[in-house]
Amino acid sequence: MARLIFLGAPGAGKGTQAKVLAEFSHIPHISTGDILREAVAQKTPLGEKAQGFMDRGELVPDQLVIELMRERLSRPDAKLGWILDGFPRTVTQATFLDELLTEINQPYDQAVNLEVPDDVLVARLLGRGRKDDTEDVIRKRLQVYREQTAPLIDFYKRRHKLVSINGNVPPDEVTAELKKFV
Ligand code: ADP
């Protein structure tokens, strides 16, 4: 059983590693990006509200993502543990998450920060070719990351919950490091 929060810039490898580690430990991989992309594809009300923000590389408003996560974390499979990928992404979301996890008595173990230099991030994202991976949108997402998400590193450091991992090594080596935390 593990409850981990993955932090890292777009392109740091959060999604890839969260998926592998979740399968390895038989717990759900909860990715707000995947959930939102699915909602957009299905044209649900959430998807319709989120799409414009995502296409521009902006964050979807906190309130939408918070409601989504409240629902997701209350499902039975989340009782086994989880890996959060892409949430929280703002201090407001992190504060909400702390309160929610206290309320449902599911404290997280660690926040894991995957560290990758900026030039490597841009190269990886350009190579990935997702719809929101054009150069302008990538630049915007990195700017949003630095302004709104990077402060979470300090947020978790102050709570003595942060571990940092070098994400600029082959994926298997990153996975091996991460397995120490599950
Ligand atoms: P990446 O890790 O490459 O940044 P994600 O798949 O995590 O991509 O997210 C894609 C997009 O979905 C983000 O650019 C943002 O618009 C939206 N999104 C995902 N998670 C959140 C969140 N927690 N808060 C606000 N917006 C989010």
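Look a little higher up for the structure.
Residues numbered from 1 in each chain as written. Predicted model: local features only at pLDDT ≥ 70, side-chain atom pairs only at ≥ 80, totals over all residues. Heavy atoms only, no water.

Student: Lay out the overall build of the protein chain in plain terms, naming residues and giving numbers.
Tutor: Across its full length, the protein chain holds nine helices and five strands. Counting helices and strands in the order they occur from the N terminus, the protein chain gives β-α-β-α-α-α-β-α-β-α-α-α-β-α. Its C-alpha radius of gyration of 15 Å places the protein chain within 12% of the 16 Å reference for a compact globule of 182 residues. In the protein chain, which comprises 182 residues, the proportion classed as buried is 45%. (Helix = DSSP H or I, 4+ residues; strand = E, 2+ residues; numbered from the N terminus. Rg over C-alpha atoms; globule rule 2.2 N^0.38 Å. Buried < 20%, exposed > 50% of the residue type's maximum accessible area, 1.4 Å probe, protein only.)

Student: Tell me about the nonpolar core, and please be specific about residues and values.
Tutor: Counting residues in each nonpolar core, the largest one holds 51 residues, and the members touching the most others are Ile5, Leu73, Trp82, Leu84 and Tyr156. When neighbours within four sequence positions are excluded, Trp82 is seen to be in contact with Ala2, Arg3, Leu4, Ile5, Ile27, Pro28, Ile30, Leu73, Leu101, Gln106 and Tyr108. (Core = buried A, V, L, I, M, F, W, Y, C linked by side-chain atoms within 4.5 Å. Contact = heavy atoms within 4.5 Å.)

Student: So what about helix α4 (residues 62–73)? Which residues, and what values?
Tutor: In a regular helix each residue adds 1.5 Å, so twelve residues correspond to 16 Å; α4 covers 16 Å between its end C-alpha atoms and thus fits that length. Here α4 has its buried residues at Val65, Ile66, Leu68, Met69, Arg72 and Leu73. For α4, the angular spread of buried residues about the axis comes to 165°, placing them on one side. The inward-facing, buried residues of α4 contact β2 (29–31), α2 (32–41), α3 (45–56), β3 (82–85) and α5 (91–103). (Expected span 1.5 Å × (residues − 1). Arc of directions from axis to C-beta.)

Student: Residues and numbers for the site of the ligand, please.
Tutor: Taken together, 18 residues lie near the ligand, and Thr32, Arg37, Glu58, Gly86 and Arg89 sit nearest. The side chain of Arg128 places a nitrogen or oxygen atom 3.0 Å from an oxygen atom of the ligand. Here the ligand, which alone exposes 550 Å², has 96% of that area covered by the protein. Using a 2 Å cut-off from the grid points, one finds that the ligand occupies the largest pocket. Sorting elements by how many residues they give to the shell around the ligand places α2 first, with four residues. (Near = heavy atom within 4 Å. Polar contact = N/O pair within 3.5 Å; in protein donor to acceptor, adjacent residues only side chain to side chain. Areas by Shrake-Rupley, 256 points an atom, 1.4 Å probe, with all protein chains shown as cover. 1 Å grid on protein atoms, 1.4 Å probe; cavity = no way out; pocket = protein on both sides within 12 Å on 5 of 7 lines; lining within 4 Å. Sits in = over half its atoms within 2 Å of the grid points.)

Student: Help me get a handle on unusual backbone geometry, residues and values and all.
Tutor: The residue after Phe87, namely Pro88, is reached through a cis peptide bond having omega 0°. Checked against the element boundaries, Pro88 lands in the loop between β3 and α5. Of note, the phi angle at Lys43 is positive, near 55°, even though the residue is not glycine. Looking at Lys43, the relative accessible area reads 62%, which means it is exposed.

Student: Got a sec to walk through the packing of aromatic side chains? Specific residues and values, please.
Tutor: For the coordinates displayed, the defined rule picks out three aromatic pairs. Relative to Phe96, the ring of Phe87 lies with its centre 6.4 Å away and its plane at 85°, an arrangement referred to as edge-to-face. The pair Phe87 / Phe96 is uniform in exposure class, with both members buried. An angle of 90° between the planes, with centres 5.6 Å apart, marks the rings of Tyr108 and Tyr156 as edge-to-face. Of this pair, Tyr108 sits in the loop between α5 and β4 (110–115) while Tyr156 sits in helix α8 (residues 151–158), and the two are 48 residues apart along the sequence. Note on accessibility: Tyr108 and Tyr156 belong to one class, buried. Looking at Arg56, its charged tip hangs above the ring of Phe53, at a distance of 5.4 Å from the centre. Here the basic side chain of Lys161 rests over the ring of Tyr108, its NZ or CZ set 5.6 Å away from the ring centre. (Phe/Tyr/Trp six-rings, centres within 6.5 Å; stacked < 30°, edge-to-face > 60°. Lys NZ or Arg CZ within 6 Å of the ring centre and 35° of its normal.)

Student: Now, about the layout of surface pockets: what can you tell me, with residues and values included?
Tutor: Quantified by volume, the largest pocket comes out at close to 870 Å³. Lining of the largest pocket is provided by 44 residues; of these, Pro10, Lys14, Arg89, Arg128 and Arg130 occupy positions nearest its centre. Residue assignment for the lining of the largest pocket shows that the elements contributing at least two residues are β1 (3–7), α1 (14–25), β2, α2, α6 (118–128), α7 (135–149) and α9 (171–178). At five residues, α2 tops the list of elements feeding residues into the lining of the largest pocket. A class-by-class count of the residues in the lining of the largest pocket yields 18 nonpolar, 15 polar and eleven charged. Taken as a whole, the second largest pocket holds about 150 Å³ of empty space. Of all the secondary structure elements, the ones that give two or more residues to the lining of the second largest pocket are α2 and α3. The element best represented in the lining of the second largest pocket is α2, accounting for three residues. Grouping the constituent residues of the lining of the second largest pocket by class yields three nonpolar, no polar and five charged. (Points joined across faces, edges and corners; volume = space filled by probe spheres on them. Nonpolar A, V, L, I, M, F, W, Y, C, P; charged D, E, K, R; others polar.)

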